[in-house]
Amino acid sequence: MSGAVGALYEPLLERDLAAIPEAVRAYRAEHSLEDLWLTVTRFALLAYSPSEHARHALLCCLAARGASEEWLTECARYAAEARQPWSEPPILELPAIEEDQRRDLEELRAAVGEGDRARGERWLASRFGLADQLGSDLRCFDELGSDLLSLAREHGDAVLIVRAAIALVPLLGQKGAYATLRVAVWDLIAKREEEPLPERSREELAAAVVESEGAIDAVTALLVASDIGEVPNCVEPYQLARDYGHLLLAHAASFPDDALEAVARNLEHGESYAEWTFA
């Protein structure tokens with residue numbers, strides 16, 4: 001990869017965290033904030049693995065759209081920290097599928113149940129093949145998103161990445177749509193043994209965040225019950241790996257004030273997860 005994007009990606013790939021701010025500034029000298037966001041988010045997507053830090057790095061990128069250069073620098077740093085150093089460049093082409101490939105939700109459910117990533121990828125590719133056949137009719141993509149979300153609700157907090165992937169497709173463009181939605185399939189397979197989260201109201205979940213002083217699991221449960229928008233620029237950037245980016249995400253999800261205060265206290269006084277960036 002050459003040019004401005006390659007120059008920005010080089011320290012991210014090498015996990016040269018000290019060089020990332022200057023690389024971001026050099027990129028910004030010739031590109032808009034939106035271009036920077038797109039480039040950083042694409043890196044987080046292409047470096048994705050179903051680890052907790054990689055999952056949250058992608059969520060943070062989505063929440064930081066429209067944020068400051070400082071915030072996007074922290075998102076770039078987090079994506080670099082979360083990338084598995086032994087990972088290979090992702091294959092962007094759709095896998096070959098048989099003519100009789102099933103496209104229904106039960107086929108994806110079977111792939112998830114078996115932990116068969118290749119089978120899940122073929123299912124996703126078959127849905128994209130159907131979209132090509134239908135041309136400009138986008139209903140198949142709506143149905144695809146509905147199927148992914150339906151299954152995600154049965155497996156812990158998988159809905160977070162599935163919703164994020166669906167939201168990113170129109171922002172990152174049709175060319176990368178398969179690679180974007182593939183992370184949703186990967187996450188479903190990674191979360192296949194997790195039970196559905198208990199049904200609780202958002203008020204109950206917010207109270208649990210306060211009572212637990214911003215514990216990771218409590219914050220995650222409230223995020224699942226929330227719509228994640230964009231982080232306000234009044235929030236000060238910080239090293240996102242310390243709390244899986246939860247303070248950023250809590251603001252983007254408009255947590256109640258007392259829950260936000262609990263998440264902030266956890267960031268300041270709780271355990272740091274920055275050393276567990278491959279976990």
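The text that follows walks through the structure, step by step, so that each part is easy to find.

About the thresholds
- Residues numbered from 1 in each chain as written.
- Predicted model: local features only at pLDDT ≥ 70, side-chain atom pairs only at ≥ 80, totals over all residues.
- Heavy atoms only, no water.
- Helix = DSSP H or I, 4+ residues; strand = E, 2+ residues; numbered from the N terminus.
- Rg over C-alpha atoms; globule rule 2.2 N^0.38 Å.
- Buried < 20%, exposed > 50% of the residue type's maximum accessible area, 1.4 Å probe, protein only.
- Contact = heavy atoms within 4.5 Å.
- Arc of directions from axis to C-beta.
- Salt bridge = Lys/Arg side-chain N within 4 Å of Asp/Glu carboxyl O.
- Core = buried A, V, L, I, M, F, W, Y, C linked by side-chain atoms within 4.5 Å.
- 1 Å grid on protein atoms, 1.4 Å probe; cavity = no way out; pocket = protein on both sides within 12 Å on 5 of 7 lines; lining within 4 Å.
- Points joined across faces, edges and corners; volume = space filled by probe spheres on them.
- Nonpolar A, V, L, I, M, F, W, Y, C, P; charged D, E, K, R; others polar.
- Polar contact = N/O pair within 3.5 Å; in protein donor to acceptor, adjacent residues only side chain to side chain.
- Phe/Tyr/Trp six-rings, centres within 6.5 Å; stacked < 30°, edge-to-face > 60°.
- Lys NZ or Arg CZ within 6 Å of the ring centre and 35° of its normal.

Moving on, we get to the overall build of the protein chain. Of regular secondary structure, the protein chain possesses 14 helices and zero strands. Order of helices (α) and strands (β) in the protein chain, N terminus to C terminus: α-α-α-α-α-α-α-α-α-α-α-α-α-α. A compact globule built from 279 residues would reach a C-alpha radius of gyration of about 19 Å, and the protein chain, at 19 Å, matches this within 12%. Considered along the principal axes of its C-alpha atoms, the protein chain spans approximately 55 × 50 × 35 Å. Buried residues in the protein chain amount to 50% of all 279 residues. The long-range fraction of contacts in the protein chain, counting pairs at least 24 apart against all pairs at least 6 apart in sequence, stands at 72%.

With that out of the way, let us pick up helix α2 (residues 20-28). Regarding α2, the residues found buried are Ile20, Ala23, Val24 and Tyr27. Around the axis of α2, the buried residues are gathered within 100 degrees of arc, so they sit on the same side. Summarising the contacts, the buried residues of α2 are in contact with α1 (3-14), α3 (33-46) and α5 (69-82).

Another aspect to go through is the pattern of salt bridges. Summed over the entire model, instances satisfying the criterion amount to 18 salt bridges. For Glu52, the salt bridge goes to Arg55, with nearest N and O atoms at 3.3 Å. Pair noted here: Glu52 and Arg55 are both in helix α4 (residues 52-63), with a separation of three residues, about one helical turn. For Glu213, the salt bridge identified is with Arg265, shortest N-O distance 2.8 Å.

Moving on: the environment of Ser49. Here Ser49 lies in the loop between α3 and α4. Separated by 180 residues in the primary sequence, Ser49 and Gly229 have C-alpha atoms spaced 23 Å apart. Here Ser49 is in contact with Ala54, Arg55 and Gln84, once residues within four sequence places are set aside.

Counting 95 residues, the largest nonpolar core has Leu108, Leu148, Leu188, Leu248 and Phe255 as the members making the most contacts within it. Those residues within four positions of Leu108 in sequence are excluded, and the remaining contacts are Trp123, Leu148, Leu151, Val185 and Leu188.

A separate point is the layout of surface pockets. There is about 610 Å³ of room inside the largest pocket. Around the largest pocket sit 23 residues that line it, and Gly156, Asp157, Leu197, Ala221 and Val224 are the ones nearest its centre. Taken together, the elements giving at least two residues each to the lining of the largest pocket come down to α4, α9 (159-172) and α12 (216-224). Broken down by element, the lining of the largest pocket gets its largest block of residues, five residues, from α12. A per-class count over the lining of the largest pocket returns 11 nonpolar, three polar and nine charged.

Tracing the backbone through its elements, the reader meets Asp116 in the loop between α6 (105-114) and α7 (117-134). Excluding residues within four positions of it along the chain, Asp116 makes contact with Ala111 and Ile189. A polar side-chain atom of Asp116 sits 3.0 Å from the main-chain amide nitrogen of Arg119.

Taken as a whole and assessed by the stated rule, the structure comprises four aromatic pairs. When the ring of Trp71 is compared with that of Tyr238, the centres are 6.0 Å apart and the planes differ by 80 degrees; the resulting orientation is edge-to-face. Here the residue Trp71 occupies a position in helix α5, and Tyr238 occupies one in the loop between α12 and α13 (246-252), the gap between them amounting to 167 residues. Under the relative-accessibility criterion, Trp71 is labelled buried at 0%. Relative to Tyr273, the ring of Tyr244 lies with its centre 5.0 Å away and its plane at 35 degrees, an arrangement referred to as tilted. Linking Tyr244 in the loop between α12 and α13 with Tyr273 in the segment after α14 (257-269), this pair joins segments that are 29 residues apart in sequence. We note that Tyr244, like Tyr273, is buried. One Lys or Arg, Arg65, reaches over the ring of Trp37 and ends 5.4 Å from the middle of that ring.

Looking now at empty space enclosed by the protein. All chains considered together, the criterion is met by two cavities of 30 Å³ or more. Of the volumes computed, that of the second largest cavity is approximately 30 Å³. For the second largest cavity, the full set of lining residues is Ala44, Ala47, Tyr48, Ala54, Ala57, Ala79, Ala82 and Arg83. Contributions of two or more residues to the lining of the second largest cavity are made by α4 and α5. Along the lines of polarity and charge, the residues of the lining of the second largest cavity split into seven nonpolar, no polar and one charged.

By themselves these figures say nothing about function.
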